[in-house]
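What follows is each chain in one-letter form.
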Amino acid sequence: MRQSCNQHEAMRYPAAPTLARRSSDIVCLRNLQRQRGSCIVRTMAAKVVTIAGQPGDLDRIKEAAQIVDAGGLVAFPTETVYGIACRAKREPLARLDQVKGRAAEKHYTLHIGQIDEYRRYAPRVGLRAEKLVRRAWPGPLTLVFGLNDPDLSEKRERIDSEAFEALYKNNSIGIRCPDHAVASLLLRAAEHPVVAPSANPAGKEPATSAEQVLAELSDQIDVVLDGGPCKYGRSSTVASVDSHGVEVLRQGVYSQSDLNAMSQVTILFVCTGNTCRSPMAERLFRKYLAEKIGCNVDELEQAGYKVVSAGTMDLAGMPASAEAMLACEQKGIDLTDHTSRRLTRSLVEASDLIFGMAQSHCEHVMFLSPDAEGKCVLLAGDEEIPDPVGRSQEYFNNCANVIDAAVKARVRELAL
């Protein structure tokens, strides 16, 4: 049974100098371990610090982060299970391996306190991975990002060598951004990269409360930040995502179908009536996107990409114009089954990329949803694509050529 808060205060919440001295004690422990071989020498049980929204909590979390930076092990709560925060450095990791009972060659997942931090470690991220980051973080999802050789070389030059060797494996890195205030503050306060496997020895169930952490690891770690029971009580889902799709590597809070839905990318083309320019752009984009991914056009949605078009005028249910159908037919594109739709706020908000044929179309998009400004651009760069309605077939053909070139350029620049 826990002691009363008054009885606990002096023991659980030592002044900063006490915890600071503990950081140096950790370094001494590490030195003692080196002298005595691989056997871990412990002289005290883990210090328990309760975090319950009280004055001084932030200072206590910062002190715990200093212990992690100094090479100590700190158990802390996340929304899934308790983790063990460990600096990504050779000696602390060797101790963590012994605590966990894991092989030294097995890599741990980088934990970050703010979403955008992942860009420091995985600079080129595809559209679906970007969508998952926006939808699922902070939250119970660990993402494995692949890096090409140039990006990996650049990271090797910029990141401490011991941290690099700890974090990257097979040209990839696993990253998690927990959705828990204590976890977020601890990770943001740490000055060095932090890994954080679940707080349990290998083969045992992950701890979901501070009491469970203490029952298994009290004499093997330095501090336990007691933030109460975990929300989910089960591990995060681990998934990789690339141009071929999303693959769940470890079952957790999210299922495969959850991630498929959360990572679907919607690309929208907008013109005036949705009977010529935007339908041509939509169908051409589907063609080139399917070629880039390596699938059939009718498999795009299964691959995680939805490509649609709409018009700013209320002309829902109209077929594509005869001239647009002929211009597309000459490019091997069938527009005979197209029916126009009206641009709506819900469609704008559901879209991840929006391409307007003219500036007026982009303005209409932002009128419906001001937040769309960052995702809506002209299809042809700085140029508008004039409306061909009422013009000759030759004009339509030229318009289709301009759209074709613009679409090819947009597909080329997409990171998948």
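Quick notes on the pairing of strand β11 (residues 245-250)
Strand direction decides the pairing type here: strand β10 (residues 237-242) and β11, joined by five bridges, are antiparallel. In the strand pairing of β11, Ser240 is matched with Glu247. Hairpin remark: β10 followed by β11, antiparallel, with two residues in the connecting loop.

Description of the sheet that holds strand β14 (residues 353-356)
Taken in spatial order, the four strands line up as β13-β12-β14-β15 in an open sheet, and their pairing is parallel. On the outer flanks of this sheet lie β13 (305-311) and β15 (376-378), each paired with one strand and no other. Mean inter-strand twist for the sheet, computed between neighbouring axes without regard to direction, equals 25°. Pairing of β14 with β15, which is carried by three bridges, proceeds in the parallel orientation. What sits directly across from Ile354, in β15, is Cys376. Its contacts with the sheet place helix α5 (residues 127-136) against β12 (265-271), β13 and β14, and it is angled at close to 105° to β12. Packed on one face of the sheet, helix α14 (residues 359-368) meets β12, β14 and β15 and runs near 175° to β15.

Thoughts on the packing of helix α3 (residues 57-69) against helix α8 (residues 181-189)
It is the contact of α3 with α8, at a shortest axis distance of 8 Å, that shows an interaxial angle of 50°. It follows that α3 is oblique to α8 by the angle criterion. Considering how the two elements wind past one another, α3 and α8 form a crossing that is right-handed. From α3, Leu58, Ile61, Lys62, Ala64, Ala65 and Asp69 reach across to α8, where they touch Val182, Leu185, Leu186 and Ala189. Counted by class, the contact of α3 with α8 contains eight nonpolar, no polar and two charged residues.

Let's talk about the packing of helix α12 (residues 322-329) against helix α15 (residues 393-413)
One can describe the packing of α12 onto α15 by two numbers: an axis separation of 9 Å at closest approach and a directional angle of 55°. What the angle tells us is that α12 and α15 run oblique. For the pair α12 and α15, the crossing hand works out as right-handed. Residue-level contacts link Glu323, Ala324, Leu326 and Ala327 of α12 to Gln393, Phe396, Asn397 and Ala400 of α15. Looking at side-chain class alone, the contact of α12 with α15 contains five nonpolar, two polar and one charged residues.

Some details on the packing of aromatic side chains
Considering all chains together, one arrives at seven aromatic pairs under this definition. Between Trp137 and Phe145 the ring centres are 6.2 Å apart and the planes differ by 75°, which places this aromatic pair in the edge-to-face class. Here Trp137 and Phe145 have matching classes, each one buried. Look at Phe164 and Tyr168: their rings are 4.7 Å apart centre to centre, the planes differ by 25°, and that puts the pair in the stacked class.

A short note on the pairing of strand β3 (residues 83-87)
Of all the five residues making up β3, five are buried; the element is thus mostly covered by neighbouring parts of the structure. As defined by bridge partners, strand β2 (residues 74-76) adjoins β3 across three bridges and the pair is classed as antiparallel. Paired with Ala75 across the two strands is Ile84, which belongs to β3. Linking two consecutive strands that pair antiparallel, namely β2 and β3, is a turn of six residues.

Quick word on the pattern of salt bridges
Under the criterion given, the structure shown has 21 salt bridges. Residues Glu162 and Lys89 are paired through a salt bridge, measuring 3.8 Å at the closest nitrogen-oxygen approach. Taken as a pair, Glu162 in helix α7 (residues 161-167) and Lys89 in the loop between β3 and α4 (90-100) lie far apart in primary sequence, 73 residues in all. On the basis of relative accessible area, Glu162 is assigned to the buried category, the value being 19%. Judged by its relative accessible area of 28%, Lys89 is partly exposed. Where Glu349 meets Arg345, a salt bridge forms, and the shortest distance between an N and an O atom there is 2.8 Å.

Notes on a negative patch on the surface
Taken together, Glu363, Asp382, Glu383 and Glu384 make up a surface patch of like negative charges. Here Asp382 shows up in the loop between β15 and α15. A residue is classified by how much of its surface remains accessible, and Asp382, at 76% relative accessible area, is exposed.

Describing the environment of Pro197
By secondary structure assignment, the location of Pro197 is in the loop between β8 (194-195) and α9 (210-217). Along the primary structure Pro197 and Ala85 are separated by 112 residues, whereas in three dimensions their C-alpha atoms are 7.5 Å apart.

Considerations on helix α11 (residues 277-293)
With 17 residues, α11 extends 24 Å between its outermost C-alpha atoms, agreeing within 8% with the 24 Å of an ideal straight helix rising 1.5 Å per residue. With 13 of 17 residues buried, α11 is to be regarded as a mostly interior element. Of the residues trailing α11, Gly294 is marked for its positive phi of about 90°.

What about the environment of Gln212?
Take Gln212: it is sitting in helix α9. Given the relative accessible area of 37%, Gln212 is considered partly exposed. In sequence terms Gln212 and Asn200 are twelve residues apart; their C-alpha atoms lie 8.7 Å from each other.

Details of helix α6 (residues 149-158)
Burial in α6 covers these residues: Asp151, Leu152 and Lys155. Here the buried residues of α6 occupy an arc of 100° about the axis, which is enough to place them on one side. Structural note: α6 exposes Asp149, Pro150 and Glu157 on the side pointing more than 90 degrees away from its buried face. Buried residues along α6 sit in contact with α7 and β6 (168-169).

What counts as what
- Residues numbered from 1 in each chain as written.
- Predicted model: local features only at pLDDT ≥ 70, side-chain atom pairs only at ≥ 80, totals over all residues.
- Heavy atoms only, no water.
- Pairing = 2+ DSSP bridges.
- Helix = DSSP H or I, 4+ residues; strand = E, 2+ residues; numbered from the N terminus.
- Axes fitted to C-alpha atoms, helices over the stretch in contact; angles between N-to-C directions.
- Contact = heavy atoms within 4.5 Å.
- Parallel < 35°, antiparallel > 145°, perpendicular 65-115°, else oblique.
- Left-handed = near helix turned anticlockwise from the far one by under 90°.
- Nonpolar A, V, L, I, M, F, W, Y, C, P; charged D, E, K, R; others polar.
- Phe/Tyr/Trp six-rings, centres within 6.5 Å; stacked < 30°, edge-to-face > 60°.
- Buried < 20%, exposed > 50% of the residue type's maximum accessible area, 1.4 Å probe, protein only.
- Salt bridge = Lys/Arg side-chain N within 4 Å of Asp/Glu carboxyl O.
- Patch = residues over 30% accessible without salt bridge, like charges linked within 9 Å, V, L, I, M, F, W, Y side chains within 5 Å.
- Areas by Shrake-Rupley, 256 points an atom, 1.4 Å probe, with all protein chains shown as cover.
- Lys, Arg positive; Asp, Glu negative; His and termini not counted.
- Charge placed at Lys NZ, Arg CZ, Asp CG, Glu CD.
- Expected span 1.5 Å × (residues − 1).
- Arc of directions from axis to C-beta.

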